[in-house]
Amino acid sequence: MTSMAWQLPLPILFAALIFGYLLGSIPFGLLITRAAGLGDVRSIGSGNIGATNVLRTGNKKLAAFTLLLDALKGTAAVLLARLYAPEAALLAGFGAFLGHLFPIWLGFKGGKGVATYLGVLIGLAWQGALVFAVVWLLIAYLTRYSSLAALIAAIGVPVALYVLGLRDIAVLFAIMSVIVFIKHHANISRLLAGTESRIGAKG
């Protein structure tokens, strides 16, 4: 896919962005842990609503379920909007990503966005999702740092998309990757200090 011509009226593009945002802002981590009787996941660990923090409840199945749903809301936003137009799919995907990061229902304090990033990527370009998965698995295996694996994968994705000729999607994910880095500023500081928790470490 080369650069597409954005021909939809601005109100339609805005509607796609808002649709994606509202779908992405569903706080599955919070809803799932409350339904399971585990209270407010925001009161533990990092205080966010993502799967990593849900894992700190000690329930791996709920964390995996949260990860799946947080990814699927990004994919769903893209696929539903694509029924209308490709450019609507791009904006809906970006909206879903922003919705997860800044949900209006929770005072704009959400997760770090990696799962929804991957879900949007699956919907827009499965090749990029494959690149993300391979890079994440490799770096995680070598370093045992989940955050580092996600950050390096987020660098590789827009580069891979650009090489594949998916220019508009590459630009979108370059922007999303920058936001992922910003949201992981605390993790980056811990990585540099050597205090970041490794995969499988307790506490």
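Summarised in this report is the structure supplied together with it. What you see is a predicted model; the values in this text were computed from it and never measured. (Residues numbered from 1 in each chain as written. Predicted model: local features only at pLDDT ≥ 70, side-chain atom pairs only at ≥ 80, totals over all residues. Heavy atoms only, no water.)

1. A closer look at the packing of aromatic side chains
With the rule as written, the count across this model stands at 3 aromatic pairs. On the basis of an interplanar angle of 65 degrees and a centroid distance of 6.2 Å, the ring pair of Phe97 and Tyr117 is categorised as edge-to-face. Placement of the pair is Phe97 in helix α5 (residues 86-101) and Tyr117 in helix α6 (residues 114-124), with a sequence separation of 20 residues. Ring geometry for Tyr117 against Phe173: centres 5.0 Å apart, planes inclined by 85 degrees, an arrangement best described as edge-to-face. Of this pair, Tyr117 sits in helix α6 while Phe173 sits in helix α9 (residues 167-183), placing them 56 residues apart in sequence. (Phe/Tyr/Trp six-rings, centres within 6.5 Å; stacked < 30°, edge-to-face > 60°. Helix = DSSP H or I, 4+ residues; strand = E, 2+ residues; numbered from the N terminus.)

2. Structural notes on the nonpolar core
Soluble globular proteins: nonpolar side chains tend toward being buried together. Membership of the largest hydrophobic core comes to 38 residues, with the highest contact counts inside it found for Tyr117, Leu124, Leu161 and Phe173. Elements with a contribution of two residues or more to this core: α1 (10-24), α4 (60-82), α5, α6, α7 (126-143), α8 (146-163) and α9. Leaving out residues up to four positions away in the same chain, Tyr117 has contacts with Phe97, Phe132, Ala154, Val157, Pro158, Phe173, Met176, Ser177 and Val180. Counting residues in hydrophobic clusters, the runner-up holds 10 residues, among them Phe28, Ala63, Leu69 and Leu106. (Core = buried A, V, L, I, M, F, W, Y, C linked by side-chain atoms within 4.5 Å. Buried < 20%, exposed > 50% of the residue type's maximum accessible area, 1.4 Å probe, protein only. Contact = heavy atoms within 4.5 Å.)

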